[in-house]
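# A look at the structure
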Amino acid sequence: MPPLSVDDHVRGPDGGRVVIMYANFECPYCAAAELCLRELPLRLVFRHFPVRTSQPRSFPAACAVEAAARQDAFWPMHDALFADQGRLEDPHLWARAERLGLDLGVFEADRRSETVAARVRVDFRSAIRAGVATTPTLFVDGVRHGGPPSDELLASLA
Amino acid sequence: MIEAGRSAPAFSLARHESPPFTERDLRGGTTVLVFYPFAFSPVCTDQLGIYNELLDDFADEGAAVYGVSCDSTWSQAAFRRQLGIDIEQLSDFWPHGRTSGAFGVLDPGGFAHRAIVIVGTDGVVTWSHLSASLDELPGPNLIFDALAGV
């Protein structure tokens with residue numbers, strides 16, 4: 001299992017089972033998986049796996065959520081992006097940032113910065129090293145599960 | 001399929017608006033031949049898209065990546081344009097599948113199996129991988145491990 005780092009985005013109850021999800025915000029299977037996982041008592045670790053050719057807004061969306069993270073709003077932006085995947089163009093990202101009360105100027109500069117792009121690439125490269133080749137991919141107890149989580153897997157996490 | 005330690009066979013693959021790619025073109029550096037079944041099909045699209053994100057990493061390892069299928073050069077060019085990828089495409093359309101057959105990855109249905117062959121600068125295969133099924137997308141980690149000699 002790819003090791004956890006202090007830079008990881010994690011939410012869920014202390015002591016919960018740790019699940020790492022590689023995903024991107026333009027992937028409908030990722031949104032569906034996230035809806036299932038958020039109902040479970042897990043420590044969910046979100047990592048980026050944007051593939052620009054098949055999902056061209058996945059990289060800008062990943063940068064947007066990382067820019068939001070710099071204003072302590074990773075998870076609110078994460079939820080807002082997954083909630084409406086049909087609106088991931090720049091004006092939609094600005095609207096979400098505004099709704100979340102972010103400093104728009106800082107958000108815009110951050111999401112276009114090399115620092116934020118590099119942060120996204122760190123996740124992507126960790127995914128490659130771990131054998132990820134599709135989204136979503138979950139790691140549970142060191143085992144890789146590529147593709148939408150099965151009913152059996154979700155039941156085992158409940 | 002062709003195994004590590006064997007010399008790459010003589011072959012010729014058509015390129016869109018360029019001279020054919022042959023075994024002589026393998027001599028300039030490490031070559032990663034990515035055989036895939038069909039342009040525009042779902043897994044092939046994902047596979048080339050992910051590999052395309054890593055072209056700089058492959059270059060850092062001294063490797064050039066090529067996509068190989070039995071589609072025509074026109075289909076491959078359209079596929080490449082639609083995906084927005086930089087990976088050069090090599091066509092085994094005619095004589096249909098001859099190169100795929102020489103590498104041992106041609107399906108009787110007339111398409112290349114999903115397979116990867118790495119050829120060293122001396123023209124000798126250093127690693128090869130055949131997916132267990134057409135739906136199995138080989139993770140790029142397999143290629144990087146092979147390039148690193150893991």
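Residues numbered from 1 in each chain as written. Chains lettered and ligands numbered in written order. Predicted model: local features only at pLDDT ≥ 70, side-chain atom pairs only at ≥ 80, totals over all residues.

### Here we look at the interface of chain B and chain A
What counts, and what does not: Whether two residues are in contact is decided by their C-beta atoms, placed from the backbone, lying within 7 Å. In this text, helices come from DSSP runs of H or I with a minimum length of four residues, and strands from runs of E with a minimum of two, each type numbered from the N-terminal end. Classification convention: Asp, Glu, Lys, Arg as charged; Ala, Val, Leu, Ile, Met, Phe, Trp, Tyr, Cys, Pro as nonpolar; all other residues, Gly among them, as polar.
The interface of chain B with chain A comprises 14 residues on the first partner and 11 residues on the second. When contributions to the side of chain B that touches chain A are tallied by element, the ones reaching two or more residues are α1 (42-53) and α5 (140-147) of chain B. The element contributing the most residues to the side of chain B that touches chain A is α1(B), with 6 residues. When grouped by side-chain class, the residues that make up the side of chain B that touches chain A number 6 nonpolar, 6 polar and 2 charged.

### Concerning the nonpolar core
Rules: A set of buried residues drawn from Ala, Val, Leu, Ile, Met, Phe, Trp, Tyr and Cys, joined through C-beta atoms within 7 Å, is what defines a nonpolar core. Exposure classification rests on a simple neighbour count of other C-beta atoms within 10 Å of a residue's own: a residue reaching 20 or more is buried, one at 12 or fewer is exposed, and one in between is partly exposed. C-beta atoms are placed from the backbone.
Formed by 76 residues in total, the largest nonpolar core has its most connected members in A:Met21, B:Val32, B:Val34 and B:Ala112. Dropping the residues within four chain positions of it, B:Ala112 is found in contact with B:Phe35, B:Tyr36, B:Pro37, B:Val68, B:Ser69, B:Cys70, B:Asp92, B:Ser100, B:Val105 and B:Leu106.

### Description of the packing of helix α2 (residues 58-69) of chain A against helix α6 (residues 114-129) of chain A
Residue and element names in this part refer to chain A. Stated formally: Angles shown run from 0 to 180 degrees and are taken between the N-to-C directions of axes, each axis being a line fitted to C-alpha atoms and, for helices, limited to the stretch in contact. Small angles under 35 degrees read as roughly parallel and large ones over 145 as roughly antiparallel, with 65 to 115 read as roughly perpendicular and the rest as oblique. Take the far helix as the reference: if the near one is turned anticlockwise from it by less than a right angle, the crossing is left-handed, and if turned clockwise, right-handed.
In contact at an axis separation of 9 Å, α2 and α6 are set at 110 degrees when each is read in the N-to-C sense. Judged by the inter-axis angle, α2 sits roughly perpendicular to α6. Pair α2 / α6 crosses with right-handed handedness. The residues of α6 that touch α2, namely those facing Phe59, Ala62, Cys63, Glu66 and Ala67, are Val116, Ala117, Arg119 and Val120. For the contact of α2 with α6, the class distribution of residues is 7 nonpolar, no polar and 2 charged.

### Structural notes on unusual backbone geometry
With an omega dihedral of -10 degrees, the bond running from A:Thr135 to A:Pro136 counts as a cis peptide bond. Position of A:Pro136 among the secondary structure elements: in the loop between α6 and β4 (137-140). In this structure, the amide linkage connecting B:Trp94 to the following residue, B:Pro95, adopts the cis form with an omega of -10 degrees. Within the element layout of this structure, B:Pro95 appears in the loop between β5 (88-91) and α4 (98-102). Residues other than glycine seldom take positive phi values, yet A:Asp141 does so here, at roughly 50 degrees. Structurally, A:Asp141 is set in the loop between β4 and β5 (143-146). Look at B:Glu17: it is not a glycine, yet its phi comes out positive at around 60 degrees. Secondary-structure assignment places B:Glu17 in the loop between β1 (12-15) and β2 (18-22). Residue B:Glu17 is classed as exposed on the basis of its 6 C-beta neighbours within 10 Å.

### Quick look at the packing of α2(A) against helix α5 (residues 104-111) of chain A
Residues and elements named next belong to chain A. Running from amino to carboxyl end, α2 crosses α5 at an angle of 130 degrees, the nearest separation of the two axes being 8 Å. Here α2 lies oblique to α5, going by the angle between them. Two packed elements cross with a definite hand, and for α2 against α5 that hand is right-handed. Contacts from Cys63, Ala64, Ala67 and Ala68 of α2 reach α5 at Phe107, Asp110 and Arg111. Class assignment for the residues of the contact of α2 with α5 results in 5 nonpolar, no polar and 2 charged.

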